[in-house]
Amino acid sequence: FHVILTEPFQNRIIIFNTAKAPTNDLQVRKTMIHAVNKASIIDSELAGLADPVDQLFPRNAPYCDIDLTPRLDYDFEKATLLNCPQPSDGKDDEKEVLSTGAIAAVVILGVVVLLSAFFVLYMVHREKKGEPIFKPLIQKEERKEDFGNGSVVNANMSIAGGSVANMIATKGGGNDAL
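First, a word on scope: everything that follows refers to the structure included in this document. What you are looking at is a predicted structure, and each value in this text was computed from that prediction instead of being measured. (Residues numbered from 1 in each chain as written. Predicted model: local features only at pLDDT ≥ 70, side-chain atom pairs only at ≥ 80, totals over all residues. Heavy atoms only, no water.)

### With respect to the overall build of the chain
Logical step 1: In terms of helices and strands, the chain carries four helices and three strands.
Logical step 2: Taking all 178 residues of the chain together, 10% fall into the buried category.
Logical step 3: Here the chain displays about 15500 Å² of accessible surface, and carbon together with sulfur accounts for 60% of that area. (Helix = DSSP H or I, 4+ residues; strand = E, 2+ residues; numbered from the N terminus. Buried < 20%, exposed > 50% of the residue type's maximum accessible area, 1.4 Å probe, protein only. Areas by Shrake-Rupley, 256 points an atom, 1.4 Å probe, with all protein chains shown as cover.)

### A word on helix 4 (residues 100–129)
Logical step 1: The first and last C-alpha atoms of helix 4 sit 44 Å apart over 30 residues, in line with the 44 Å expected at 1.5 Å per residue.
Logical step 2: Phi turns positive one or two residues past the end of helix 4, at G130, with a value near 85 degrees. (Expected span 1.5 Å × (residues − 1).)

### Quick look at the side chain of H34
Logical step 1: Assignment of secondary structure puts H34 in helix 1 (residues 26–35).
Logical step 2: Setting aside residues no more than four positions away along its own chain, H34 makes contact with L72, D73, Y74, D75, F76, K78, A79 and L82. (Contact = heavy atoms within 4.5 Å.)

### Focus: the side chain of R29
Logical step 1: For R29, the position within the fold is in helix 1.
Logical step 2: As a buried residue without a salt bridge, R29 has its nearest oppositely charged side chain in D25, at a separation of 6.7 Å.
Logical step 3: Separated by 2.7 Å, the side chain of R29 and the backbone oxygen of T23 make a polar contact. (Lys, Arg positive; Asp, Glu negative; His and termini not counted. Salt bridge = Lys/Arg side-chain N within 4 Å of Asp/Glu carboxyl O. Polar contact = N/O pair within 3.5 Å; in protein donor to acceptor, adjacent residues only side chain to side chain.)

### Quick notes on unusual backbone geometry
Glycine aside, negative phi is the norm for most residues, and most peptide bonds take the trans geometry.
Logical step 1: The omega torsion of the bond from A21 to P22 falls at 5 degrees, within 30 degrees of zero and hence cis.
Logical step 2: Here P22 shows up in the segment before helix 1.
Logical step 3: Here A47, not a glycine, exhibits a phi torsion of approximately 55 degrees, which is positive.
Logical step 4: Position of A47 among the secondary structure elements: in the loop between helix 2 (38–45) and helix 3 (76–83).

### Comments concerning the layout of surface pockets
Logical step 1: If you add up the space inside the largest pocket, you get close to 1600 Å³.
Logical step 2: Taken together, 39 residues make up the lining of the largest pocket; nearest its centre are R12, I13, V53, D54 and Q55.
Logical step 3: Mapped onto the lining of the largest pocket, the elements with two or more residues apiece are helix 1 and helix 2.
Logical step 4: Ranked by residues supplied to the lining of the largest pocket, first place goes to helix 1 with five residues.
Logical step 5: Considered class by class, the residues forming the lining of the largest pocket number 23 nonpolar, seven polar and nine charged. (1 Å grid on protein atoms, 1.4 Å probe; cavity = no way out; pocket = protein on both sides within 12 Å on 5 of 7 lines; lining within 4 Å. Points joined across faces, edges and corners; volume = space filled by probe spheres on them. Nonpolar A, V, L, I, M, F, W, Y, C, P; charged D, E, K, R; others polar.)

### Things to note about helix 2
Since there are 3.6 residues in each turn of an α-helix, residues three or four apart along the chain are aligned in direction.
Logical step 1: With a side-chain oxygen lying 3.4 Å from the backbone nitrogen of A39, the N-terminal cap of helix 2 falls on N37.
Logical step 2: Looking one or two residues past helix 2, A47 carries a phi angle of roughly 55 degrees, positive in sign.

### Notes on a nonpolar patch on the surface
Logical step 1: Where nonpolar side chains cluster on the molecular surface, the patch consists of L98, I103, V107, V111 and L115 and spans about 470 Å² of accessible area.
Logical step 2: Mapped onto the secondary structure, V107 falls in helix 4.
Logical step 3: In this structure V107 comes out as partly exposed when scored by relative accessible area, which is 48%. (Patch = residues over 30% accessible without salt bridge, like charges linked within 9 Å, V, L, I, M, F, W, Y side chains within 5 Å.)

### Points about the packing of helix 1 against helix 3
Logical step 1: In contact at an axis separation of 8 Å, helix 1 and helix 3 are set at 155 degrees when each is read in the N-to-C sense. In terms of orientation, helix 1 and helix 3 fall into the roughly antiparallel class. The way helix 1 lies across helix 3 gives a crossing that is left-handed. Contacts between helix 1 and helix 3 involve Q27, K30, T31, H34 and A35 on the former and, on the latter, F76, K78, A79, L82 and N83. (Axes fitted to C-alpha atoms, helices over the stretch in contact; angles between N-to-C directions. Parallel < 35°, antiparallel > 145°, perpendicular 65-115°, else oblique. Left-handed = near helix turned anticlockwise from the far one by under 90°.)

Okay, structure coming up:
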């Protein structure tokens, strides 16, 4: 019997998902392409029955017989240089990055501010409903207080306004106003 090897009508290729890291970086893709020896893989895995390709469709497909430039071929030294860039002087390339502790502090501060805002809104809501979270310090009924210096304050408080409606200071409990 007779075996005939025809021109390829399909290329065997590896495609990078350029939407996800690390292959979304062009420099990483160039490094990977320069680091892979396609001819060696073809010789060892495909018994030399294929040709190295650098495009999706074979050259004998319609409109695909063009040379694409730049041509990225196997060059291990170039891949090593692309993978290990030279250190810079630090003047233009230096990025200001927040430390992990600073980021954590900002996040914690943001959470505290949000919780405080929600608590204040909740307190206002309860006050409007007439169900305050905290009881008033001064009750609605009238109280007389002795300040220790012989003067007594007669206070008539209003809860609705939250302020003293009428305050009359008297000396020694009498009716004479100071």
